[in-house]
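Letter by letter, the chains look like this.
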Amino acid sequence: MACMKLGSKTDAFQKQGQAWFCTTGLPSDILVEVGEMSFHLHKFPLLSKSGVMERLIAEASEGEGVSIIKLPDVPGGTKSFELVAKFCYGVKLELTAANVVYLRCAAEHLEMTEEYGEGNLISQTEMFLNQVVLRNWKDSLKALQTCDDILSYAEELQVPKRCIDSLAAKACTDPNLFGWPVMEHGGPMQSPGGSVLWNGISTGARPRHSNSDWWYEDASSLSLSLYKKLISAMESRGVKHEIIAGSLNSYARKYLPGLNRRQGASESSNRLAPVGSVVSLPEEDQKLLLEEIDQLLPMQKGLVPTKFLFGLLRTAKILRVNSSCTSNLEKRIGIQLDQATLEDLLMPNFSYSMETLYDVDCVYRILEHFLAVDQVLGGASPGSDDEGHLMGSPSLTPITMVAKLIDGYLAEVAPDVNLKLPKFQSLIAAVPEYARPLDDGLYRSIDIYLKSHPWLAESDREQLCRLMDCQKLSLEACTHAAQNERLPLRIIVQVLFFEQLQLRTSIAGCFLVSENLDGSRQLRSGLMGQTDGGWASAVRENQVLKVGMDSMRIRVSELEKECSNMRQEIEKLGRVKGSGAWGNVSKKLGFRLKSQMCSAQEESVSKHNSNSSVKTDKAKHTVKIEKAKDKNGKEKRRLTKDE
């Protein structure tokens, strides 16, 4: 820390208890009381340097004996006046960044101007501030920290503003340009190799490459009022928003211990995490700090880690900050919900009612904010082409990620027996249908909810399951749902129906692939010539396709049996209940269409079996490879026309 020495005399002051004495050999003729400390001094050294002391001594000298003067409002109190008295006597003292602000304010308060002596205390402290302190990062920071104790006096002299402007200017510039004082910030210099020149002298130290966050820890040592002014000055100088947000992150983590409780191992090594230890503040101060941090944070996506925002929101609910702060944090999270994780969403319910284990209402509001922003940015429902396929949308990926995240959240909160059905349904319905390419995750969460709430009525179960699109279930999910006793019977029938449609489409696709393989194989044989290796490859491909077709036929047969049994049971229920709801199930779900499809499928499969056997017999009795291939090709073309 830089310093400057004033005076040349040896220290002639001695302290005895709560009193200071000047041991110059002359009896003191004035007693100055500053707080609880008494100073036994002489009139002439004081009145020759201070206008205030000159007037007070003149007023006190009217009486007899030792004059008594009281100075209750000296900036810096006893310590400051001790240094002022030594300066008046010409005793050696050092100006440092730690005491220059106190002495500057005390000198101004006592009117120690040039009128009472050249090189008086005001000019000396002012010169030290401008030429030494404000040119150095650490000294400017230290001087600014001392302003907290005498902020009103310091602000009259604009000392905090000058220190803040100095710090802001240095934070906006590459720290390597400032030289030694700022480069010391990161700790002791390393010198295993390379060297740095300082005033032409080799220090043997390795040059350091500082990041833009080098000043975060120093700034977090300031009080909230001064820190706010520093951030405001940096914003006015055009500092990037992400740098400001990083500093706010570091400052909040130092004074809000709740942010570090859920900090993972990967996050603990993040450069935004404060190096220093967490400072414990009273709950009211933490509440005020969190509300101020919310006001300072820029409202822009991606500037602040989503996990940090969730930490602020969780802490805000614990401290019960004002509703405006909580709402702002929810909006900030909603803007970048696609960057959140399932662990982030699992916030405990801190409300007095404690209806549910997790705060489902908060997640619902966050989701609404995300959807509103996505709608503004052009994330409306993507259009469909003539074949019904979804067309591309620039915001489809983020909303798909959010849909997957919400489905995972639903599965986590579904076991809560206190979670009411309307609240669970509203969260499901809030996600647009186009955001879910598959409904497997939604089916899983609904199944968990039904398992944890067995007392639900059949109508409520059916109403909940209607939020799921059976056409968007994978074959694995369909297989599970078809055997799920917790699902309503109507939903199981729909699942079986759409599962057969998927299998029929898959079988038709396999036929198409088989024909394409035959066509491409003929083209290759025409170009590359007739070889035994090509025929062997074709035989292997046909065998693979045959195995696949056999397995699909078996699965179709099993599903047809299940569907037939289900239809018989429904018809029995219809005969028992007459014209009830179950009597019309087959008509509503289109069983006639399904039966025709199943019959058509059987016919197609039988044709394929007969054709395959004919082709195999011909291949066995063919003597020449050329004639066998020609017949195989003709047979394939005939099959295509028949189908």
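S.K.: When you look at the overall build of the chain in this model, what are you seeing that I'm missing?
M.R.: Broken down by element type, the chain carries 28 helices and 9 strands. By the burial criterion, 43% of the 643 residues in the chain qualify as buried. A separation threshold of at least 6 residues defines the contact pool for the chain, and within that pool the share at least 24 residues apart is 69%. If you sum the accessible surface of the chain, you get close to 33,800 Å²; carbon and sulfur atoms cover 53% of it.

S.K.: Sorry, what's going on with the side chain of glutamate 330 here?
M.R.: Mapped onto the fold, glutamate 330 is located in helix α16 (residues 323–335). Assessed through its relative accessible area of 4%, glutamate 330 is described here as buried. Among the polar contacts made by the side chain of glutamate 330, one reaches the side chain of arginine 365 at a distance of 2.9 Å. Setting aside anything within four residues of it in sequence, one finds glutamate 330 in contact with Leu313, Lys317, Cys362, Arg365, Ile366 and His369.

S.K.: Explain the sheet that holds strand β2 (residues 13–16) here, please?
M.R.: Strand-to-strand pairing in sheets goes through backbone hydrogen bonds, with the strands running parallel or antiparallel. Strand order in the open sheet made by the 5 strands is β2-β3-β5-β4-β6, with mixed pairing throughout. The outermost strands of the open sheet, each flanked by one partner alone, are β2 and β6 (67–70). Within the sheet, the average angular offset between the axes of one strand and its neighbour, ignoring direction, is 20°. The pairing of β2 with strand β3 (residues 19–22) spans 4 bridges and is classified as antiparallel. Looking at β3, one finds that glutamine 16 is bridged to alanine 19. Its contacts with the sheet place helix α2 (residues 51–60) against β4 (30–34) and β6, and it is angled at close to 135° to β6. Running at roughly 10° to strand β5 (residues 37–41), helix α3 (residues 77–88) makes contact with β2, β3, β4 and β5 of the sheet.

S.K.: Just to check I follow, could you spell out the packing of aromatic side chains for this structure?
M.R.: Note on aromatic pairs: each is described by the distance of the centres and the angle between the planes. Per the counting criterion, the structure on display carries 6 aromatic pairs. Both rings, one in phenylalanine 39 and one in phenylalanine 81, keep their centres 5.0 Å apart while their planes meet at 70°; by these two values the pair is edge-to-face. Residue phenylalanine 39 is found in strand β5, and its partner phenylalanine 81 is found in helix α3; the two are separated by 42 residues along the sequence. Aromatic side chains tyrosine 251 and tyrosine 255 sit 4.8 Å apart centroid to centroid with 45° between the ring planes, which places their arrangement in the tilted category. Linking tyrosine 251 with tyrosine 255, this pair stays in helix α12 (residues 241–255), spanning 4 residues, or about one helical turn.

S.K.: How should I be thinking about the nonpolar core in this particular structure?
M.R.: The biggest cluster of nonpolar side chains holds 150 residues, and the ones touching the most others in it are Val32, Leu41, Phe81 and Leu312. Top contributing element to this core by residue count: helix α19 (residues 396–413), with 8 residues. In contact with valine 32, other than residues within four places in its own chain, are Met37, Ser38, Phe39, Leu41, Leu46, Met53, Ile69, Leu71 and Phe81.

S.K.: Please clarify how the environment of glutamine 500 should be interpreted in this entry.
M.R.: Note on placement: glutamine 500 falls in helix α24 (residues 489–528). When the C-alpha positions of glutamine 500 and leucine 475 are compared, they lie 9.7 Å apart, and in sequence the two are 25 residues distant.

S.K.: Just checking my understanding: could you explain the packing of helix α18 (residues 360–376) against helix α20 (residues 421–430) for this structure?
M.R.: When two helices pack together, their arrangement is given by the angle between the helix axes and the distance between those axes. At their nearest, the axes of α18 and α20 sit 10 Å apart, and the two run at 20° to each other. Relative to α20, α18 is oriented roughly parallel. α18 and α20 meet at a crossing whose hand is left-handed. From α18, Val360, Asp361, Tyr364, Leu367 and Leu371 reach across to α20, where they touch Lys423, Ser426, Leu427 and Ala430.

S.K.: Would you mind going over the pattern of salt bridges with me for this structure?
M.R.: When their charged atoms lie close together, side chains carrying opposite charge are able to pair. Across all of its chains, the model carries 20 salt bridges by this definition. Two residues, arginine 55 and glutamate 111, come together in a salt bridge whose shortest N-O distance is 3.1 Å. Of this pair, arginine 55 sits in helix α2 while glutamate 111 is found in the loop between α4 (100–109) and α5 (121–131), placing the two residues 56 residues apart along the sequence. Residue classification places arginine 55 among the partly exposed positions, given a relative accessible area of 42%. Here aspartate 165 makes a salt bridge to lysine 161, at a shortest N to O gap of 3.0 Å. Remark: lysine 161 and aspartate 165 occur in helix α8 (residues 159–171); sequence separation between them is 4 residues, near one turn of the helix. Look at aspartate 165 and you get partly exposed, because its relative accessible area is 26%. One salt-bridge network, in which partners are shared between bridges, spans Arg104, Glu108, Glu126 and Arg162.

S.K.: Is there a simple way to explain the environment of serine 48 in this structure?
M.R.: Examined against the element boundaries, serine 48 turns out to sit in the loop between α1 (43–47) and α2. You can call serine 48 partly exposed: its relative accessible area is 24%. As for serine 48 and glutamate 115, which are separated by 67 residues in sequence, their C-alpha atoms are 9.5 Å apart. From its side chain, serine 48 meets the backbone oxygen of proline 45 in a polar contact 3.0 Å long.

S.K.: Hey, could you run me through the confidence of the model for the chain in this one?
M.R.: Low pLDDT marks stretches whose predicted atomic positions should not be read closely. Averaged over the chain, the pLDDT score is 76; the fraction of residues at 70 or greater is 67%. The model gives residues 383–395 a pLDDT under 50, and that stretch makes 16 contacts with residues more than four places away or in other chains. Within the model, pLDDT remains below 50 along residues 579–629, and this stretch shows 53 contacts once partners closer than five positions in the same chain are excluded.

S.K.: I would appreciate a short explanation of the side chain of serine 220 in the present structure.
M.R.: Tracing the sequence through the fold places serine 220 in the loop between α10 (216–219) and α11 (224–236). Judged by its relative accessible area of 1%, serine 220 falls in the buried class. Aside from chain neighbours lying at most four places away, what touches serine 220 is Tyr251, Lys254 and Tyr255.

S.K.: Whenever I open this one, α3 confuses me. Can you help?
M.R.: Spacing of three or four residues puts side chains on the same side of an α-helix, whose turn is 3.6 residues. Over its 12 residues, α3 extends 17 Å from the first C-alpha to the last, a length consistent with the 16 Å expected when each residue adds 1.5 Å. Every buried residue of α3 is listed here: Ser80, Phe81, Glu82, Val84, Ala85, Lys86, Phe87 and Cys88. At the exit of α3 stands glycine 90, carrying a positive phi of roughly 75°.

Procedures and definitions
Residues numbered from 1 in each chain as written. Predicted model: local features only at pLDDT ≥ 70, side-chain atom pairs only at ≥ 80, totals over all residues. Heavy atoms only, no water. Helix = DSSP H or I, 4+ residues; strand = E, 2+ residues; numbered from the N terminus. Buried < 20%, exposed > 50% of the residue type's maximum accessible area, 1.4 Å probe, protein only. Contact = heavy atoms within 4.5 Å. Areas by Shrake-Rupley, 256 points an atom, 1.4 Å probe, with all protein chains shown as cover. Polar contact = N/O pair within 3.5 Å; in protein donor to acceptor, adjacent residues only side chain to side chain. Pairing = 2+ DSSP bridges. Axes fitted to C-alpha atoms, helices over the stretch in contact; angles between N-to-C directions. Phe/Tyr/Trp six-rings, centres within 6.5 Å; stacked < 30°, edge-to-face > 60°. Core = buried A, V, L, I, M, F, W, Y, C linked by side-chain atoms within 4.5 Å. Parallel < 35°, antiparallel > 145°, perpendicular 65-115°, else oblique. Left-handed = near helix turned anticlockwise from the far one by under 90°. Salt bridge = Lys/Arg side-chain N within 4 Å of Asp/Glu carboxyl O. pLDDT = per-residue confidence, 0-100. Expected span 1.5 Å × (residues − 1).

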